[in-house]
Amino acid sequence: MKMTGMVRILAAALCFTAVTGGTMFARPVDNRPLIQIALLLDTSNSMDGLINQAKSQLWKIVSESGRMTRGGERARLEVALYEYGNDANSVISGYVRQVVPFTNDLDRLSACLFELDTYGGSEYCGAVIKKSLNELDWSGRESDLRIVYIAGNEPFTQGLVDYRSAGKKASRMGVVVNTIHCGDREEGFRTGWADGARITGGEYLTIEGDFQYQYVPCPQDDRLSELNSRLNDTYLAFGDEGEKRKEMQSEQDSMAEELNKSGFYERAKVKSSASYSNSGWDLVDATSSGAVVLSEVQDDDLPAAVRALPLAARQAFVEGKLTERKKIQAEIAALSAERESYLAENAAAAPADEALDTAILAPLSALAKDKGFVVEE
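A few points on the structure.

**Considering the overall build of the chain**
Helix and strand counts for the chain come out as 14 helices and 9 strands. Among the 377 residues that make up the chain, the fraction classed as buried is 52%. Of the roughly 16,800 Å² of accessible surface on the chain, a fraction of 51% belongs to carbon and sulfur atoms.

Written as structure tokens, this is what we have:
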């Protein structure tokens, strides 16, 4: 069912409230190398296939990005999401909407991605690029990797904002724009998509907008599903939004599995890595990262399992959950590696050139290498 009018406005407001509430979207203050990726997705009527690809392959993109290090330090990853070409958005904005600002809150990013709906057909590429450059909190460090990926199928030249001026602004900011045309490659050359990438030194790529990822069952899948459920049990929700966020974690598992099981297992893999942190609502992540001191948390904000315990027992309980989590994550990581080997041996892991994840990851490796990043095996 298409969302229009007030229904869509209310859905967007709910997503915005959750996105901007609290500190869960705040950038950590540290000097670790940073990778920033802004996804600009066409959500006009013809783009259901593109949006489904993004929903399905988010976790693979995060997983591959999370393997990058520089100088022995693992890179931080922040992802932002915009939609454009959707007539349900304001005409004043050029039918452009910021869905999520830069964040490492992956469950919230996934939830907002699943809320996207397609409607209308006024696709203004220059406007959405310019808006993302102006609105997002881009890093000012030359050493950080800053990338825009814009995907769509209509001429790149539409709208009042000239894509060339937006591209030149991106170049001045050190942001690379990669363009992904959902359609014929030669048509993309004729309609400005290739030129849009050229201006910033980015890559022009083409994909099949209606491409569908095929799930290949693997011997590791049942155990991975079991471990994923056990992993969720190690999270201790605290604070005003804790229980809602814990529910969201399970909901995103279910939605990923329902859409495409291959995406679900990529999600489980990410949940076993350092890229997946929930210090804004999980007591284990919050205390182990130093974001929260357990003795300073008010009793009313603690989960019931912890609240009744004296401080020493509280600390032991939380540390026990952390130990259990690390053990489960290690097994998920090992099984995920076995699963990838199984797929490769069965000729099921060859990248599809017409798919969104390939179009995003192909230029990412080269750009990261130019900034001194190394992909960890």
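There is more to say, and it comes next.
**Regarding the nonpolar core**
Among the nonpolar cores identified, the biggest contains 58 residues, and Leu81 and Ile180 are the most heavily contacted of them. Ala80, Cys125, Ala127 and Ala166 belong to the second largest nonpolar core, which has 27 residues in total.

**A look at the pattern of salt bridges**
Applying the stated criterion across every chain yields a total of 21 salt bridges. With a closest N to O distance of 2.3 Å, Glu340 and Lys269 form a salt bridge. Linking Glu340 in helix α13 (residues 311–345) with Lys269 in helix α10 (residues 261–271), this pair joins segments that are 71 residues apart in sequence. On the basis of relative accessible area, Lys269 is assigned to the buried category, the value being 17%. Via salt bridges that share partners, Asp107, Asp253, Arg267 and Lys271 belong to a single interconnected network.

**Here we look at the environment of Glu340**
Given a relative accessible area of 36%, Glu340 falls into the partly exposed group. Glu340 sits 122 residues away from Cys218 along the chain, and the two C-alpha atoms are 9.2 Å apart.

**Notes on empty space enclosed by the protein**
Applying the stated criterion across every chain, the model contains 1 cavity of 30 Å³ or more. Forming the walls of the largest cavity are Ile37, Leu39, Leu58, Ile61, Val62, Leu77 and Val79. Looking at the lining of the largest cavity, the elements that each hand over two or more residues are β1 (34–42), α2 (48–65) and β4 (76–84). Broken down by element, the residue count for the lining of the largest cavity peaks at 3 residues, all from α2. The residue inventory of the lining of the largest cavity, partitioned by class, reads 7 nonpolar, no polar and no charged.

**Overview of the packing of aromatic side chains**
Scanning the model with the defined rule gives 10 aromatic pairs in all. On the basis of an interplanar angle of 25 degrees and a centroid distance of 6.4 Å, the ring pair of Tyr215 and Tyr265 is categorised as stacked. Of this pair, Tyr215 sits in the loop between β8 (204–207) and α8 (221–232) while Tyr265 sits in helix α10; the two residues are 50 residues apart in sequence, bridging distant segments of the chain. What makes Tyr215 partly exposed here is its relative accessible area of 29%. A connected cluster of aromatic rings, assembled from ring pairs, spans Phe156, Tyr163 and Trp193. Above the plane of the ring of Phe373 lies Arg70, whose end atom (NZ or CZ) is 4.6 Å from the centre.

**Re the environment of Asn52**
With respect to the secondary-structure elements, Asn52 resides in helix α2. Given the relative accessible area of 36%, Asn52 is considered partly exposed. Taking C-alpha positions, Asn52 is 8.6 Å from Phe114, a pair spaced 62 residues apart along the chain.

Cut-offs applied
- Residue numbers here run from 1 along each chain, matching the order of that chain's written sequence.
- Restriction of local features to residues with pLDDT of at least 70 applies here, the model being predicted, together with a cutoff of 80 or more for giving and counting side-chain atom pairs; totals for whole chains, interfaces and linings are based on all residues.
- Excluded from the side-chain calculation are hydrogens and water; included are all heavy atoms of the structure.
- Strands here mean DSSP runs of E at least two residues long; helices mean DSSP runs of H or I at least four residues long; both are numbered from the N terminus.
- Remark: exposure states derive from per-residue accessible area (1.4 Å probe, protein chains only) relative to the maximum for the residue type, with buried under 20%, exposed over 50%, and partly exposed in between.
- Residue-level accessible areas treat just the shown protein chains as cover; the underlying method is Shrake-Rupley with a 1.4 Å probe.
- Here, nonpolar core refers to any group of buried Ala, Val, Leu, Ile, Met, Phe, Trp, Tyr and Cys residues whose side-chain atoms link them within 4.5 Å.
- By definition, a salt bridge exists where a carboxyl oxygen of Asp or Glu is found within 4 Å of a side-chain nitrogen of Lys or Arg.
- Buried and open spaces are told apart on a 1 Å grid over the protein atoms alone, a cavity being a set of points where a 1.4 Å probe fits but cannot get out and a pocket being an open set with protein on both sides within 12 Å along at least five of seven lines. Residues with an atom within 4 Å of a point are the lining residues.
- Grid points are joined across faces, edges and corners, and a volume is the space filled by probe spheres set on the points.
- Any residue that is not Ala, Val, Leu, Ile, Met, Phe, Trp, Tyr, Cys, Pro, Asp, Glu, Lys or Arg is counted as polar, Gly included; the first ten are nonpolar and the last four charged.
- Any Phe, Tyr or Trp ring, taking Trp's six-membered ring, that has another such ring centre within 6.5 Å forms a pair; planes under 30 degrees apart are called stacked, those over 60 apart edge-to-face, and the others tilted.
- When the NZ atom of lysine or the CZ atom of arginine is within 6 Å of a ring's centre and also within 35 degrees of its normal, the charge is said to sit over that ring.

Remember, this is a structural readout, not a statement about activity or role.
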